[in-house]
Each structure stands twice: as C-alpha cells, then as structure tokens.
Amino acid sequence: MQGPFGARSLRLRTAGAPANAVDHAGTPQAGKIVAALVVVIWAVVLALILRQRVFVSHDSISNYGHVWWVSDRFWEGHGIPFHMPVIGHGKAFAFPYGFLPWFTAALLHPLLGDWVVTLWLVLGFLGLVAAMFWAFPEIRHGWWAAIALVNPALVIAPITGQLPFIWSSALLMAAIGCWRRQRYVEAAILAGIGQATHPAVLLPLALCLVLGRLRWEPERRQLLRFYGISLLIALPAAWIVFVSPVFVDSSGWVIVSNFFGTLIVRAFVFAVPFLLIMFQHLQKRIQKSWLPVALFMLTLVLNPAVGGVLQARYAWGALNRKPNTDLMRFINSPKFEPGKTYRIIRAGDGKIGMYQIVRRGGHLDSEFFPESIGRKSWPTTDDYSKFLRTRRVDFVIVYDSYDKRWKTNEHALLEELSAAGRRTCGAERVGAAPLARAEHYDVYSIRRDC
C-alpha cells in the first residue's frame, strides 16, 4: 500500500529496527519526560476510577444495569437473555449494543459484583491505548505520545464511562494495525466485532476510515471486499439498535442531533493519530523542533476549552463521587411496589436512581439512555396522559433538580392532574395522586385504568 499510512511504509520502518527508530533517537529529553509524566497522571486517574465500586458518571450506569441483568438471568439458568423487560416499558433489549464487554463482565459479576464493570472500563481503556500505539508506532514516543494521550476525545471516554465505545474503539484500532501489516482477514474480523459492539458510532466511523483510505489504496477492491465482510458481522447488532426503544421512542430531531454531536467528538479518537503522522511529515519538511511542543500545549489547552460542551466538570467529579442514596428511603418503604413501572426524572445523579429501582425489583418506563427518557414539555394534560399510558407508568418520581435543569412542565402537569382528582380521570386523562414527598423529590401514583 502506498501513502503515508500504508503497510509498505510501516514495513520498511519495522524491518531490522524498532518502529520510528530515527525519530525516537532524536526525541528531545523534555518530550520523554513529559510523556512519562502524562502516563503517571493517567495511572493516578485510572486508580481513582478503580477504587469506585460503582463509577457514577454520564454514561456509566447503563453498563452496570445491563451487566447486572444479564448476569442475574444467565446464572439463574435462563441462558443469555435477549430482552430486558424491566426497562424501556417492557420493550428493551439486554444488548442494544455492547455485547462483548457486557456479557464478559456479566460472567464475573457474581464474583466481583458491580466493581467488574469499573474494572472492565479501565481494562478497555488500557486496551484502546495499547491498540492505538500498536496501530500507529510512529507516535509511540516523546512529544507525539504525550499529545496522543491528552487527546480530549480519548481523555473524556473513561471519565464519562463510555464502556462499549472504548471496547469497540480498541477493536477497530487493532483492525487498523492489522490492515497496515497486511493481515487482512484479522482486520476484517476485528473491525466487524468492533462495529457490532457499538454500531451507532463505529459503523459511520469505520465507513469514514475506509473512504479516506481509498485515495491511497492500490487494491481498492480488496479493501471494499474485506470491509463488506466486517459489515456482515456487524449488521445483526445494527438491526437491534434501530428496533430498540431508545431509537423508536426518540424523535427524529433528538436522534439526528445526538448522533452527530456524539460522532463528531468521538471521531477524534481515530483522527488524532492520523493527524499526528501528518504533522510529523510536516515537521520533517520545515525542520521545526518546536512543532510537537506547540501541538502538545494546544491539545492540552483544548481539554478545559471543550469541557463545558462535554460537561467534563461533572464527569471529573466521578473520580470522588459516591452513589447518591437519597431515593433509597422511598425504595425501602412500604410505598414502593416491586414489579410496577416507575418514571424517574432527575438531574445530577448520573441515573443511579434508575439502577437502584431495578435492583429492588421495580421497572422503568425508559432505558438508561438520555434519548429514551423523554425530557420535554407537553401541550396539555391529555397529551401527557397519553404518554404515561403508552409507557404503562404506575408511579412518577420527579426531583426538584430536574425542574431546575430541564425546566419542563411535567411537574406542573402532575400537580394539575392531582388537583383535578377523579372527576377528570377517564378515556383522555390518567388519574394522579401524591404518594410521597421528600426533601428533594415528589412521588405520584398514576391510575391508568379509569
């Protein structure tokens, strides 16, 4: 293969000498020190994650919920579950994605408990970093390694708890390494499993990588053939995504906006290594030793710069956050009914309350993913009643933090339905009544059979 990222250039560098031997020998001592310092900082961060039995961040709790359910079903002799009826108003799947990390974690859940998910998050990240440096040996050393390790998209992945994305990215990164070494069958298999692990993000990312490679690929038919094989591996998992409640229950605008927002950020996990190789070629042409130093400083500054968009402050707080147990007072009371469907709308808890409900036998009207929750206002109580009936909601738990964060009219509609009482409960409206009031939340019982 030709081009700066082809197998031929990689093979020439690895023949008889370590990859990037010339660059490594000429790496300034400062670059080596900075790279080592970044590795030490990462070791501290990963250790702080590992000390948490349940790591509560933006995207982490869904992993704990699915792993617990799969483990419970599997070890009770029910085999590998396909459905997960305790969430998504009874229509959710046990594996809307993430089969490989979730199922392997579920196998060890009886031994390690919830901590196995935390462990899998850290091991997956280490695997991603190892795969990245194996796929791109040009950036293993000095300033280039330091830049790669402070890539904001890479940094935010474990901090927000992106377990399926991390594992799928590690597999796709390993596939890139295999392709560059002309191990095409292994590349196709790894790419297929990676895309199947997180179809919504990895399918378009893999497509972009293939399209970008076509310009330099002398054997385009072979590239497209093996890419097609990877798609065949991934398509069954992609089908599950499109029929799961998290997709079906979301509006077109929510799906499109979240898709592009997520894809653009996570694409830089793969884009940065390619960009660094391009900058290496640029440095050789302009003979400027300060270039990697400037790139490192720029990349480092980008982390806090994009922190607001990525809500990084809350994510970093997970390193020292304990799961909020405020809701357990209600869950442990006689008013909590296992087997009933609960709608919990809350902000700032990382969705830990949802996990606490299902662990105690309750059901959820949504999946753990934000797209499925339905954070919006309704024009009338009739429209809201239809929503509650469709999701078969028996109880609504609404927090004051949700009112402050999302500013919807749901709490007001519940109060309106409660004030109306039985006189308006019928075909168009559900009945509602206050069940419990706590310092930070209210619980309403919903009557759908009136």
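Residues numbered from 1 in each chain as written. Predicted model: local features only at pLDDT ≥ 70, side-chain atom pairs only at ≥ 80, totals over all residues. Heavy atoms only, no water.

Let us now look at the overall build of the protein. The helix and strand inventory of the protein stands at 22 helices and five strands. In the protein, buried positions account for 52% of the 450 residues. Considering only residue pairs separated by 6 or more positions, the protein has 74% of its internal contacts joining residues 24 or more positions apart. (Helix = DSSP H or I, 4+ residues; strand = E, 2+ residues; numbered from the N terminus. Buried < 20%, exposed > 50% of the residue type's maximum accessible area, 1.4 Å probe, protein only. Contact = heavy atoms within 4.5 Å.)

At a minimum axis distance of 8 Å, the contact between helix H5 (residues 99-112) and helix H9 (residues 163-180) shows a crossing angle of 115°. Overall, the two elements H5 and H9 adopt an arrangement that is roughly perpendicular. Here Leu 100, Pro 101, Trp 102 and Thr 104 of H5 come into contact with H9, specifically with Leu 163, Pro 164, Trp 167 and Leu 171. Within the contact of H5 with H9, the residues separate by chemical class into seven nonpolar, one polar and no charged. (Axes fitted to C-alpha atoms, helices over the stretch in contact; angles between N-to-C directions. Parallel < 35°, antiparallel > 145°, perpendicular 65-115°, else oblique. Nonpolar A, V, L, I, M, F, W, Y, C, P; charged D, E, K, R; others polar.)

To continue, consider the pattern of salt bridges. Pairing is possible between side chains of opposite charge, provided their charged atoms come close. A complete count under the given rule lists 17 salt bridges for this structure. Glu 138 is the partner of Arg 180 in a salt bridge, and the nearest nitrogen-oxygen pair spans 2.6 Å. Of this pair, Arg 180 sits in helix H9 while Glu 138 is found in the loop between helix H6 (115-135) and helix H7 (142-149), placing the two residues 42 residues apart along the sequence. Between Asp 349 and Arg 346 there is a salt bridge, with its nearest N and O atoms 3.4 Å apart. For Asp 349, a relative accessible area of 7% corresponds to the buried category. What makes Arg 346 buried here is its relative accessible area of 10%. Among the ionic contacts, a cluster of salt bridges with common partners joins Arg 343, Asp 365, Arg 391 and Glu 410. (Salt bridge = Lys/Arg side-chain N within 4 Å of Asp/Glu carboxyl O.)

The next subject is empty space enclosed by the protein. For the structure on display, the rule yields two cavities of 30 Å³ or more. Put simply, the largest cavity is a space of about 50 Å³. Forming the walls of the largest cavity are Ile 344, Ile 345, Arg 346, Asp 349, Lys 351, Met 354, Ile 373 and Arg 375. Residues of the lining of the largest cavity, tallied by class, amount to four nonpolar, no polar and four charged. Roughly 40 Å³ of internal volume is contained in the second largest cavity. In terms of lining residues, the second largest cavity is bounded by Phe 55, Ser 60, Asn 63, Tyr 64, Val 117, Leu 121, Gly 161 and Leu 163. Elements represented by at least two residues in the lining of the second largest cavity include exactly helix H4 (61-78) and H6. (1 Å grid on protein atoms, 1.4 Å probe; cavity = no way out; pocket = protein on both sides within 12 Å on 5 of 7 lines; lining within 4 Å. Points joined across faces, edges and corners; volume = space filled by probe spheres on them.)

Side chains of nonpolar character tend, in soluble globular proteins, to be buried together. Core analysis: the largest hydrophobic core is formed by 133 residues, its most contacted members being Met 173 and Ile 397. No other element matches H6, which puts 13 residues into this core. Contact partners of Ile 397, with chain neighbours within four places excluded, come to Leu 327, Phe 330, Tyr 342, Arg 343, Ile 344, Ile 345, Ile 357, Tyr 441, Asp 442 and Val 443. Counting residues in hydrophobic clusters, the runner-up holds five residues, among them Ala 196, Leu 203, Ala 237 and Ala 238. (Core = buried A, V, L, I, M, F, W, Y, C linked by side-chain atoms within 4.5 Å.)

The next subject is the pairing of strand E5 (residues 441-447). Counting buried residues in E5 gives five out of seven residues, a clear majority hidden from the surface. In this sheet, E5 lies alongside strand E3 (residues 395-399) in antiparallel orientation, the contact comprising five bridges. Note that in E5 the partner of Val 398 across the bridge is Asp 442. In the sheet, strand E4 (residues 431-437) pairs with E5 via six bridges, with the strands oriented antiparallel. The partner of Pro 434 across the bridge, within E5, is Tyr 444. A loop of three residues connects E4 with E5, the two strands running antiparallel in sequence. (Pairing = 2+ DSSP bridges.)

As summarised here, the arrangement of the five strands in space is E2-E1-E3-E5-E4, forming an open sheet in which the pairing is mixed. Two strands close off the open sheet at either side, each with one partner strand: strand E2 (363-364) and E4.

Here Ile 176 lies in helix H9. Ile 176 sits in the buried class, given a relative accessible area of 12%. A C-alpha to C-alpha distance of 9.0 Å links Ile 176 and Leu 190, two positions 14 residues apart in sequence. Look past the residues within four positions of Ile 176 in its chain and what remains in contact with it is Ala 135, Phe 136, Leu 209 and Phe 270.

Rolled over the atoms, a probe sized like a water molecule indicates the empty space that remains. In this structure, the second largest pocket occupies an estimated 660 Å³ of space. Taken together, 29 residues line the second largest pocket, and the ones lying closest to its centre are Ile 176, Leu 209, Val 210, Arg 213 and Phe 274. Among the elements of the structure, H9, helix H10 (184-197), helix H11 (199-213), helix H12 (220-243) and helix H14 (252-286) are those that each provide at least two residues to the lining of the second largest pocket. Considering every element that reaches the lining of the second largest pocket, the biggest residue donor is H11, with seven residues. Here the residues of the lining of the second largest pocket are counted per class, giving 24 nonpolar, three polar and two charged.

Note that every value here comes from positions in space, so none of it alone points to a role or purpose.
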